[in-house]
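Inside the fold
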Amino acid sequence: MLSSAQAPRLLRSPAAATTTAAALTIKCLHTSPILTPAATSPSPSQILTTRKSLLSRQTSAVDLAKSFLQRLRRHEPQLSSFLYVSPDDVVLKQAEELDTKIKNNEEVGPLAGVLVGVKDNICTYDMPSTAGSRILENYRPPFDATAVRKLRDSGAIVVGKTNLDEFGMGSTTEGSAYQVTANPWDLSRVPGGSSGGSAAAVSARQCMVALGSDTGGSVRQPASFCGVVGLKPTYGRVSRYGLVAYASSLDVIGCFGSSVADAGILLHSISGFDNFDATSSKQEVPDYASQFVALEYLESKPLKGLRVGVIHETLENGVDSEVISSVRGAVSHLEELGCTVSEVSLPSFSLGLPAYYILASSESSSNLSRYDGVRFGNQVFGEELNSLYGDSRAEGLGSEVKMRILMGTYALSAGYYDAYYKRAQQVRTIIRNSFKDALEKNDILISPAAPSVAYKIGEKKNDPLAMYAGDIMTVNVNLAGLPALVLPCGFDGGSAGLPVGFQMIGAAFDEEKLLKIGHIFEQTLPGYSFVPPLVADEWTG
Amino acid sequence: MQEKQQTQLKASPKSESAKFEEVLKNYEAVIGIETHVQLATLTKAFCSCPYNYGAQPNTSICPVCMGLPGALPVLNSKVIECAVKVGLALNCKLSLSSKFDRKQYFYPDLPKGYQISQFDIPIAAGGYIDVDLPVEFGGGHRKFGVTRVDLNRAGVPLLEIVSEPDMRTGIEAAEYAAELQRLVRYLGVSNGNMQEGSLRCDVNISVRPHGQPEFGTKVEIKNLNSFSSMSRAIDYEILRQAQLHSEGEAHQIVQETRLWEEGAQKTVTMRKKEGLADYRYFPEPDLPGVNLSEDYISTIHDSLPELPETKRRRYENLGLNMQDVLFLANDINVAAFFDATIATGADVKLAANWIMGDIAAYLKNEKLSINDIKLTPEELGELIASIKGGTISGKIGKEIADPSEIEKIVDRVIANNPKQLEQYRGGKTRLQGYFAGQVMKESKGKANPALLNKILLEKLNSKP
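Per an unreviewed UniProt entry, chain B is named Glutamyl-tRNA(Gln) amidotransferase subunit B, chloroplastic/mitochondrial, and its organism is Perilla frutescens var. hirtella. In the Sequence similarities (unreviewed entry) part of its UniProt record, chain B is described as follows: "Belongs to the GatB/GatE family. GatB subfamily."

Within an unreviewed UniProt entry, the label attached to chain A reads Glutamyl-tRNA(Gln) amidotransferase subunit A, chloroplastic/mitochondrial, and the organism entered is Perilla frutescens var. hirtella. UniProt annotates chain A under Subunit (unreviewed entry) with the comment "Subunit of the heterotrimeric GatCAB amidotransferase (AdT) complex, composed of A, B and C subunits." UniProt, in its Sequence similarities (unreviewed entry) section for chain A, records the words "Belongs to the amidase family. GatA subfamily."

1. A closer look at the overall build of chain A
Within chain A, the secondary structure is distributed over 17 helices and eleven strands. For chain A, the C-alpha radius of gyration of 22 Å lies close to 24 Å, the compact-globule estimate for 541 residues. Taken over 541 residues, chain A has a buried fraction of 63%. Partitioning the intrachain contacts of chain A with sequence separation of at least 6 by distance along the chain shows that 78% fall at a separation of at least 24.

2. Observations regarding helix H14 (residues 449-461) of chain B
Residue and element names in this part refer to chain B. With 13 residues, H14 ought to run about 18 Å at 1.5 Å a step, and its terminal C-alpha atoms sit 18 Å apart, in line with that. Taken residue by residue, H14 has Leu452, Ile455, Leu456 and Leu460 as its buried positions. Seen from one end, H14 has its buried residues packed into an arc of 130°, which puts them on one side. The exposed residues of H14 that point more than 90 degrees off its buried face are Ala450 and Lys454. Packing partners of the buried residues in H14 comprise helix H11 (403-416), helix H12 (418-425) and helix H13 (432-442).

3. A few points about helix H6 (residues 196-203) of chain A
The buried fraction of H6(A) amounts to eight of the eight residues, a majority that puts the element mostly inside the structure. Among all positions of H6(A), only Gly196(A), Gly197(A), Ser198(A), Ala199(A), Ala200(A), Ala201(A), Val202(A) and Ser203(A) are buried.

4. Describing the packing of helix H3 (residues 170-187) of chain B against helix H4 (residues 227-246) of chain B
Residue and element names in this part refer to chain B. In the contact formed by H3 and H4, the axes pass within 8 Å of each other and the chain directions differ by 150°. Taken together, H3 and H4 sit at an angle that is classed as roughly antiparallel. Judged by the twist between their axes, the crossing of H3 over H4 is right-handed. Note on element contacts: H4 touches H3 through Phe227, Met230, Ser231, Ile234 and Asp235, opposite Gly170, Ile171, Ala173, Ala174, Ala177, Ala178 and Gln181. Considered class by class, the residues forming the contact of H3 with H4 number eight nonpolar, three polar and one charged.

5. Examining the environment of Gln104(B)
If you trace the backbone, Gln104(B) turns up in strand E4 (residues 101-104). Gln104(B) sits in the buried class, given a relative accessible area of 2%. The sequence separation of Gln104(B) and Arg185(B) amounts to 81 residues, and the corresponding C-alpha distance is 32 Å. Beyond its immediate chain neighbours, meaning those up to four positions away, Gln104(B) contacts Ser365(A), Ser366(A), Ser369(A), Leu412(A), Gly113(B), Tyr114(B), Asp278(B), Tyr279(B), Arg280(B) and Phe282(B). Polar contacts involving the side chain of Gln104(B) include one to the side chain of Ser366(A), which spans 3.2 Å.

6. Comments concerning the interface of chain B and chain A
Every contact between the two is made by 29 residues of chain B and, on the other side, 37 residues of chain A. Of the roughly 2600 Å² buried between chain B and chain A, counting both surfaces, carbon and sulfur atoms make up 60%. Applying the counting criterion to the chain B and chain A interface returns one salt bridge. Measuring nitrogen to oxygen at the nearest pair gives 3.0 Å for the salt bridge that ties Arg240(A) to Asp286(B). The interface formed by chain B and chain A contains eleven residue pairs in polar contact (both at pLDDT 80 or more). Looking at the side of chain B that touches chain A, the elements with two or more residues in it are E4 and strand E13 (282-283) of chain B.

7. Some remarks on the environment of Gln241(B)
All names here are of chain B. In this structure, Gln241 sits in helix H4. Along the sequence, Gln241 and Thr41 sit 200 residues apart, while their C-alpha atoms lie 40 Å from each other. Among residues more than four places away in sequence, those in contact with Gln241 are Ile205, Ser206, Val207, Thr217, Val219 and Ile253.

8. Observations concerning the packing of aromatic side chains
Residues and elements named next belong to chain B. Under the counting rule described, the total for this entry stands at 22 aromatic pairs over all chains. Ring centres 5.9 Å apart and planes at 65° place the aromatic pair Tyr105 and Tyr279 in the edge-to-face group. Of this pair, Tyr105 sits in the loop between E4 and strand E5 (114-117) while Tyr279 is found in the loop between strand E12 (266-272) and E13, placing the two residues 174 residues apart along the sequence. On the basis of an interplanar angle of 80° and a centroid distance of 5.0 Å, the ring pair of Tyr315 and Phe338 is categorised as edge-to-face.

9. Side note on a nonpolar patch on the surface
All names here are of chain A. Residues Tyr410, Tyr416 and Tyr420 make up a contiguous nonpolar surface patch of about 290 Å² in total accessible area. Counting through the fold element by element, Tyr420 comes out in helix H13 (residues 418-441). We classify Tyr420 as partly exposed; its relative accessible area is 32%.

10. Quick notes on the pairing of strand E11 (residues 256-261) of chain B
Residue and element names in this part refer to chain B. Relative to E11, strand E10 (residues 219-222) runs parallel, the two sharing three bridges. Directly across from Lys222, in E11, lies its bridge partner Leu259. Once you follow E10 into H4 and on to E11, the crossover reads as left-handed.

11. Quick word on the pattern of salt bridges
All names here are of chain B. Under the criterion given, the structure shown has 52 salt bridges over all chains. In this structure, Lys454 and Glu458 form a salt bridge, with 3.8 Å as the shortest nitrogen-oxygen distance. You can see Lys454 and its partner Glu458 sitting in helix H14, four residues apart, about one turn around the helix. Look at Lys454 and you get exposed, because its relative accessible area is 52%.

Cut-offs and rules
- Counting from 1, residues in each chain are numbered in the order their sequence is written.
- Chain letters and ligand numbers both follow the written order, the letters beginning at A and the numbers at 1.
- This being a predicted model, a pLDDT of at least 70 is required before a residue's local features are given, and a value of 80 or more before pairs of side-chain atoms are given or counted; all residues contribute to the totals for chains, interfaces and linings.
- By convention in this description, side-chain values take in all heavy atoms of the structure and omit both hydrogens and water.
- UniProt positions are given in the numbering used here, feature names are shortened, and annotations may be inferred rather than shown by experiment.
- Helix and strand definitions here come from DSSP, where helices need a minimum of 4 consecutive H or I residues and strands a minimum of 2 consecutive E residues; each element is numbered from the N-terminal end.
- C-alpha atoms define the radius of gyration, and 2.2 Å times the number of residues to the power 0.38 defines the globule rule.
- Categorising residues by exposure relies on relative accessible area from a 1.4 Å probe, with only protein chains included: less than 20% of the type maximum marks a residue as buried, more than 50% marks it as exposed, and the intermediate range marks it as partly exposed.
- Whether two residues are in contact is decided by their heavy atoms: any pair within 4.5 Å suffices.
- Here, expected helix span is obtained from the residue count minus one, scaled by 1.5 Å.
- The arc in question is the one traced by the directions running from the helix axis out to the C-beta atoms.
- With axes taken as lines fitted to C-alpha atoms, and helix axes fitted only over the stretch in contact, angles between N-to-C directions fall between 0 and 180 degrees.
- Here the word oblique covers every angle except those under 35 degrees (roughly parallel), over 145 (roughly antiparallel) and from 65 to 115 (roughly perpendicular).
- Left-handed describes a crossing whose near helix is turned anticlockwise from the far helix through less than a right angle; right-handed describes the clockwise counterpart.
- Note on residue categories: nonpolar means Ala, Val, Leu, Ile, Met, Phe, Trp, Tyr, Cys or Pro, charged means Asp, Glu, Lys or Arg, and polar means any other residue, Gly included.
- Here a polar contact is recorded for every N or O atom pair within 3.5 Å, except that within protein the pair must consist of a potential hydrogen donor and a potential acceptor, and residues adjacent in sequence are included only if both atoms are side-chain atoms.
- Buried area is calculated as the accessible area (1.4 Å probe) missing from two parts once they are joined, with the contributions of both summed.
- For this document, the term salt bridge refers to a Lys or Arg side-chain nitrogen within 4 Å of an Asp or Glu carboxyl oxygen.
- Centres within 6.5 Å are what make two rings of Phe, Tyr or Trp a pair, Trp counting through its six-membered ring; a difference in plane orientation under 30 degrees is then read as stacked, over 60 as edge-to-face, and the rest as tilted.
- Patch membership is restricted to residues that have no salt bridge and whose relative accessible area is over 30%. Joining uses 9 Å for like charges and 5 Å for the nonpolar side chains Val, Leu, Ile, Met, Phe, Trp and Tyr.
- Every accessible area reported is derived by Shrake-Rupley at a probe size of 1.4 Å, with residue values counting cover from the shown protein chains alone.
- By definition, two strands form a pair when at least two bridges between them are found by DSSP.
- With its strands directed away from the observer, a crossover is right-handed exactly when the path from the first strand over the helix to the second travels clockwise.

Shown next, in the form of structure tokens:
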């Protein structure tokens, strides 16, 4: 159950909520009190609100950009979310161009004026793209990643490059070669990782939405830690072209937003088949936003008939009790929205973690071979070729990355391949099949996004196994290639008051369903605001 | 002719060949060949960069072939098409689903630190190739097994063709390779040029006493730039290994890579195998598996040209001897010219003779390919028909060889040049050349020179 002791963290100006509440009251208050709009819920979609106010000339893209840049710079010294921030004049110039278009009644893209943060392992031609590694210090790619190109084509403005664990290898963003990002909810805590910079930036409203990448949970876990929405699409939904590879068979570009609607709109703009990525899917991309139902039009049991399976193995020992109670609360909320809830057992669930670390490390050992100091990045001059390779890599790569390269090289070596890589592949098949079965019996599956809330900076830095264990909730989804949506559902009861996220897992290419459910969920979840206190007084949503 | 490497091979000097015969009485060589065929696709295997042999370094590159972070390979479908053609032409069983694998090692020209190739599931396997040995080497038909055809070391797309260890002599090996060259040229999948490296053969060779079931220690030979060097390198290596065997020094044969030195005409150690390299192969996650439909395969099958072996059998059935057959079928363009000529109804043997004789000699002198000459197969057919019909003689072909016709022209020229005739008869005999030139001009160059001069001299010297 949602803890009733949990005080709403932030009250919104009542005026905004009243209109929708009134409309809803007429329709369904008598049948279902659960549909009382969350008194404190932020506007469902910053993107849609922005679009509306831009097109109605209530605000200009320049003013919007200025306010974001101001907030970004104000909090950046404490948060260190960004590895690179685009100069003001570059951002404002793009905003001006949009304003001119709007003024001339020219068409503007669906993301016009939306300020986006892009994880620094996603290539941008006009900004450095370091993947958080020294070996790519100052590296500027000659091309935009397909997802970035699509964003720009939709009118979005890339405001900067966000911090991450080096090459996406880590769960805290402490693994960045450059800086440690703080969690906006508690500056002494990690934002999660590896897309910690993107999650913190969206949480602190330094940008409106952000791109991250998710190989084993790198979008979802930081989303949970920072109280934002994180969407990991189906493998193949979004082109990986321009995403610096960590583990190619698992990597996906994912979306961060302060609402499910924003995450969905962002996903729509970056999805689709790409000639430059042979693993991208030709499956049609639905208009996710068209599925969104505004609160005032919701029926009393809007999710009636939807089968929800709660993964038994994810609510057992090793998971913080506060997390369990928040997730159970979210499940009850879904039940009240009409879902039929049952518990599902996935006995192979615990096998995901070792299989993931073997496969991801194996692929990374190969993918990172290209960082040899010859063509790009930092080179350490050597007397002969092998020392050039060795020294460039020794100096350019961090310890976590080196450890995974070594593990992966070992797992692929002759004599060990069968025991490690091949076994892990077999486990992957078992996991994929077990999810497939469970998703034939259920529309979605539910688990926590992480076994705990955000922990202290430094707490697990020297204990990689403890850090790896934190990925238990998310890695299976990557192994199965499925989409998953993480959204905040509560707070832990402690004094820190940190957000808890839960994860909804869908069938392949069924992002539409996840987003539709998530959109209803977040509009109707009472009592919470997921704007961190750090920015609450300056954020009007 | 475009044929820069002659498939006809020169026989070894007598003494060598005698020595060789002697060795083969006691020892048997086992030879297998790995051939790399560079495919003549317009673009590289995994990006849209054009591939041109000999282009300036780094002028044809992109993020993909440079292995820049974030770039991904996308398979050029032409590469698969080429592989399927070769697989079918080699009578292989095609894998309806195969995959790519990464082969990993560090090297400066290997931007990603791995090659994309095929490890355990080649696109085609279990085929064979038919070879007709040249007549001067005793002739005969051989069938050599082909283990696998796979897509190898991409970037520039390469096809690897691995033979069974079915060959026993340098000639057999060279003929196997020559047949592969013919095949890829027939199929149009590669220019098959050995000097450019478009066709490279690495030979594995071991020697064992006759009757010994297990193979001897195998040695790999590289740097074979022509079929004849391949043949000579193998024979050299057979002799070297057999010598060591016969001296009880077989243990000196070690698993190694040897280089053929064309200058010294011998093989020398390049590198010894230091344990097995571990390439840490694993399935390439950036590329989906290659799935071929039966439809796709049968469409390609139906589009295959007549292959060298079929052509040779057909020519044989036309009544041509093996020497003619091998010559005509060696080059697909020559064969096409021949086929077009006999399609006009021309006599088969005469057509073969014309093409192999005068036309081949002309092409060789002028360094032309058969596609470059003005003579059409229709004209050759007509010519052959006229000769056969007796209108003109075969020996002189298109020349005017009819004495009465030449005589008429000579008479006309003499009549038109009374002044020069007078001078000639007055002693200026050098003017014979002038008259000959005039006659040649009148005949549009077609008059047979010998006949012309004979008739001209008679007329000039005859008393009026």
